Structure formats: structure tokens, C-alpha cells
There are 2 protein chains.
Amino acid sequence: MRSLSSLLGFIPANLHLYKLAFLHKSYTHGVQMSQNNERLEYLGDAILGTIVAEYLFKKYPNQNEGFLTKMRSKIVKRKSLNEIADQMGLDVFLIQNGVDNVSHSMLGNALEALVGAVYLDVGYQRTRRFVIYKIIKGYLNIKELETFDDNYKSQLLEWCQKHNRQVSYKVLSKFKFDNRDRFKVSVLIDNVDQASAEDFSKKSAEQLASKKALKKLGAMMVEEVAE
Amino acid sequence: MRSLSSLLGFIPANLHLYKLAFLHKSYTHGVQMSQNNERLEYLGDAILGTIVAEYLFKKYPNQNEGFLTKMRSKIVKRKSLNEIADQMGLDVFLIQNGVDNVSHSMLGNALEALVGAVYLDVGYQRTRRFVIYKIIKGYLNIKELETFDDNYKSQLLEWCQKHNRQVSYKVLSKFKFDNRDRFKVSVLIDNVDQASAEDFSKKSAEQLASKKALKKLGAMMVEEVAE
């Protein structure tokens, strides 16, 4: 109870909601379906997404919706939530509720469920404060996320410019699959083939090939935080 | 202004927000990027999703998150929002702002932007009321959505049972594509091939084939509202 209050930054009123937030379905055999955290997770996922959306909307008054959408997905993506939940120490609460093998995804799900519980307990405004101060500002480096680049083509281009080398792409084949065009492309540095990949768009295949090339070159700039 | 108040159910305070909500990007050449409704649409999309999520969470205390997620996507999907916006008469507001060719997607986007504007104008609780009473209860038949079935296999089975016929599925081929298993299946009625389809899972390929068969039989039970 004391640790929950310090986690939340306020004294919770409806303790049963928080208890439910940490009840994972695999540890609630034989009890009612509603007695696990999945419904709260569904609710919390939406609320967290909205609070983050609004936070970014106000923080970046001059950025377009493409930038905002990208930033939001960097914040609320699975891997990011799993890590935040881990740092928050949510595993302790799961263990207290009988989970003896806490997985990463259980942590992220519990964080979403916790947001759902907070919302039902104290309403939107106080949940907003909790999310902004205890989650976003507590565990995320927004400045770093701004510049985190998952555009592998531009990363590769930058690397080549720095090392005075030439990058180019070549379509190896184009064919029909499932009535859609499919492309196989390779990426070349100084005319030497580095990697190839295929996908349903040329641009996407080039991204995938660039990612492989960056890995091969050991030039991936930011550790990938995705999926 | 009078028509806006009657649309909203309250008298708006910050008119410029509503004006912005109906400014489509293709009609705002030469002005600042921030002077169109895309940022509001980004915000409104999140808020609408959360309000619908919460509404369903409370309306169905005994349903699991799978049901809730499905119901939510039936409500907030593109085509549904386009239709609601059309019925709300949002085209009038777009036309007033210079749009001379209102498309379906402009309407749905304007509805999302309107929710964003309402939120910035009057806050979460009153936006919640607006969405529940003016959108959900105003234009949706929730009971009908509950039973709307996009499970084509079960629809086809039902049709066959009614018409005393036998349905079966056959895997025509299974192959590797992009390192993933891909299945081509056909659906047979009384052992006669009706339609075939392929996808990365057998179940999904069967769904697609069933959908084709239902169309062919003219047996699609509910007009598809999807995408």
C-alpha cells in the first residue's frame, strides 16, 4: 500500500482496482473472466494514448500531425512500455499477486492496466498528471526520442557521407504476388552489393535493405527500440 | 454559429477552434501548415477512441477485452465515421470553409477534428457527453453493431444450415513466401468448389474464401460496413 502510493504520487481510494490491474490472466484460473487485468489494460491503453497525444499536441504547437503521430508511437510502443514498467518496479506488484515468472510483455500490459485503474479511481485530470509526471517525465527522454531515427535509408546516407562513400540502390526484380507488385532491391556502397531485401513497395524494400547494411557495417546509430 | 450550437448541444466559447476543425488542407494553400484541421484530427481521433473505449467498458461490465476492442473498432472505423459525419451535415461547414468537393474521407476527418476542437474548448467531461449523446446515441445502433458479424465462415455455415447444404474447406496449396507459410484454400458447398483465396494463415484464407462465396451466393447477411 505504501509502495503503491509512492508509485502513484497520491493515495489511492479504490484499492481493488489496483489489485485487479496486477492480476495476470494466467494466474487467475478458476475465477471469473472479469477477474484479471485485461479489461483494465484495454481501457488504460486508450487513455494513455490520448494523454500522450494531448501532451505532444501542446508541447509541439508548430509540428504537423505526422511528427506528432510518430512521436506518440515511439512513446507508447510495446517495448517502450515494457521498459518503463520494468523501471517503475511493477514486477513487485505482479509477484505479490502470484506471478512467479514475470515476462516483459506482462509488465507493459500491467502498466496500461494501472493507467486504467488510476482513471477509474481518480478521473481524467489526475490520471493526466500521473501519466505526464510519473511516466513521461519520469522515464522518457523526449529530446532523445525526437531525434531517434528509424529511417534507415537516411541513416545509411549519413554514414556514407561521413565516410566519403557512395550509396546506391538497385531493383533486382519486380514481380506479382497476390496481385500486388513486389520488389527485391539491393543496396550498394561504392558499387559493392551490401545487402538485399524485398517488400511490396520499393521504398520499404530499400529501408529493409538499408537496415541490413547498417547492421553489417556496425553503423546503426541508435540502438533500435522497436518491437 | 446557430447551426454549430445546435450540432454541439452547447454554445461554443472558442469559435476559432471550430473554424480550424473544418479547414481542409487542400483548401489552405499559401497559409501556415498549422492552419488546417490535421492536428485537431490527430487529437480528436485519440479522444474519440478513448471515450468510446470507456463507454463500452462501462456498458458491458461482463464482456472481455476482445469483445470490447471489436465493438470499438466497429464504431470508430473510417467508414462508420464518414457516414456519421455525413448524417450530421458536416459538409455544410466544410463548404462554408471553401471546400467545393466534399469527399467521404474529408467528412470523417472533420468529425475527428471537431471532437478535438470540442475537447480543447470545453474539456474532457463535456466532450464525453458530446460524444456519447450526440454521436454514439445520436447515430449508432449499438445493439445492431453487437450482432453485426464479420465472421464470414460462421455466416456461410449458417446459410448452409438454413439451406440444408454442406460446407467444407480444402487446402489447395501451402508454400513459403518471404519465409512465411502461405495457404491457398477453397470453400466447397456440397463438394462443389465455390471460391478460393490465399493468405498467411489457413484461418484467414478460409475467411476470405467464405466472403467470396457469400457474395457469389448473394447471402451476405449484413451489408459490409468495413474499412
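Below or above, wherever it landed, is the structure these notes cover. (Residues numbered from 1 in each chain as written. Chains lettered and ligands numbered in written order. Predicted model: local features only at pLDDT ≥ 70, side-chain atom pairs only at ≥ 80, totals over all residues. Heavy atoms only, no water.)

**Quick look at a nonpolar patch on the surface**
Here is step 1 of the chain: Residues A:Met1, A:Ile11 and A:Leu15 make up a contiguous nonpolar surface patch of about 330 Å² in total accessible area.
Here is step 2 of the chain: When you line up the elements, A:Ile11 lands in the loop between α1 (2-8) and α2 (15-21). (Patch = residues over 30% accessible without salt bridge, like charges linked within 9 Å, V, L, I, M, F, W, Y side chains within 5 Å. Areas by Shrake-Rupley, 256 points an atom, 1.4 Å probe, with all protein chains shown as cover. Salt bridge = Lys/Arg side-chain N within 4 Å of Asp/Glu carboxyl O. Helix = DSSP H or I, 4+ residues; strand = E, 2+ residues; numbered from the N terminus.)

**Digging into the sheet that holds strand β2 (residues 180-189) of chain B**
Residues and elements named next belong to chain B.
Here is step 1 of the chain: Taking strand neighbours across the sheet as the criterion, the 3 strands line up as β1-β2-β3 in an open arrangement whose pairing is antiparallel. Here the strands that pair on one side only, and so sit at the sheet edges, are β1 (167-177) and β3 (192-199). Taken over all neighbouring pairs, the strand axes of this sheet differ in orientation by 20 degrees on average, direction set aside.
Here is step 2 of the chain: Where β2 lies against β3, 7 bridges are found, and the strand directions are antiparallel. Residue pairing for β3: Ser 186 is matched across the bridge by Ser 196.
Here is step 3 of the chain: This element, helix α9 (residues 152-162), spans β1 and β2 of the sheet and lies at about 155 degrees to β1.
Here is step 4 of the chain: Its contacts with the sheet put helix α10 (residues 202-217) on β1, β2 and β3, and the angle it makes with β3 is roughly 135 degrees. (Pairing = 2+ DSSP bridges. Axes fitted to C-alpha atoms, helices over the stretch in contact; angles between N-to-C directions. Contact = heavy atoms within 4.5 Å.)

**A word on helix α4 (residues 65-76) of chain A**
Here is step 1 of the chain: With 12 residues, α4(A) ought to run about 16 Å at 1.5 Å a step, and its terminal C-alpha atoms sit 16 Å apart, in line with that.
Here is step 2 of the chain: Taken together, the buried residues of α4(A) touch α3 (38-59), α5 (78-88) and α8 (142-147) of chain A together with α3 (38-59) of chain B.
Here is step 3 of the chain: By the N-cap criterion, in which a side-chain oxygen at the helix start approaches the backbone nitrogen of a residue two or three places on, α4(A) is capped by A:Asn64, the distance to A:Gly66 being 3.1 Å. (Expected span 1.5 Å × (residues − 1). Polar contact = N/O pair within 3.5 Å; in protein donor to acceptor, adjacent residues only side chain to side chain.)

**Side note on the relation of the copies chain A and chain B**
Here is step 1 of the chain: Here chain A sits on chain B after a turn of 180 degrees about the axis and a move of 0.1 Å along it, with an RMSD of 0.2 Å. Seen this way, the second copy is the image of the first under a two-fold rotation axis.
Here is step 2 of the chain: When the interface residues of chain A are mapped onto chain B, 94% of them are again interface residues, pointing to one common binding face. (Least-squares fit on C-alpha atoms with pLDDT ≥ 70 in both.)

**Brief notes about the side chain of A:Asn82**
Here is step 1 of the chain: Inspection of the secondary structure assignment puts A:Asn82 in helix α5.
Here is step 2 of the chain: When near neighbours in sequence (up to four residues on either side) are disregarded, A:Asn82 contacts A:His104, A:Ser105, A:Leu107 and A:Gly108.

**Notes on helix α5 (residues 78-88) of chain B**
Residue and element names in this part refer to chain B.
Here is step 1 of the chain: Residues of α5 that are buried include every one of Ser 80, Leu 81, Asn 82, Ile 84, Ala 85 and Met 88, and no others.
Here is step 2 of the chain: In this structure, the buried residues of α5 make contact with α1 (2-8), α3, α4 (65-76), α6 (90-96) and α7 (104-139).
Here is step 3 of the chain: Count one or two residues on from α5 and you reach Gly 89, which has phi positive near 80 degrees. (Buried < 20%, exposed > 50% of the residue type's maximum accessible area, 1.4 Å probe, protein only.)

**Concerning the packing of aromatic side chains**
Here is step 1 of the chain: Using the criterion set out here, one finds 12 aromatic pairs over all chains in the structure.
Here is step 2 of the chain: Taking 5.0 Å as the distance between ring centres and 20 degrees as the angle between the ring planes, the aromatic pair formed by A:Phe22 and A:Phe93 counts as stacked. In this pair, A:Phe22 is assigned in the loop between α2 and α3 and A:Phe93 in helix α6 (residues 90-96), connecting sequence segments 71 residues apart. The exposure classification of A:Phe22 matches that of A:Phe93, with both residues buried.
Here is step 3 of the chain: A ring pair is formed by A:Phe177 and B:Phe177, whose centres lie 3.5 Å apart and whose planes are at 5 degrees; its orientation type is stacked. Residue A:Phe177 is found in strand β1 (residues 167-177), and its partner B:Phe177 is found in strand β1; the two belong to separate chains.
Here is step 4 of the chain: With relative accessibility at 9%, the residue B:Phe177 sits in the buried group.
Here is step 5 of the chain: Here a set of aromatic residues connected by ring pairs shows up, and it is made of A:Phe177, A:Phe200, B:Phe175, B:Phe177 and B:Phe200.
Here is step 6 of the chain: For A:Arg182, the ring lying beneath its charged end belongs to A:Phe200, and the centroid distance is 4.4 Å. (Phe/Tyr/Trp six-rings, centres within 6.5 Å; stacked < 30°, edge-to-face > 60°. Lys NZ or Arg CZ within 6 Å of the ring centre and 35° of its normal.)

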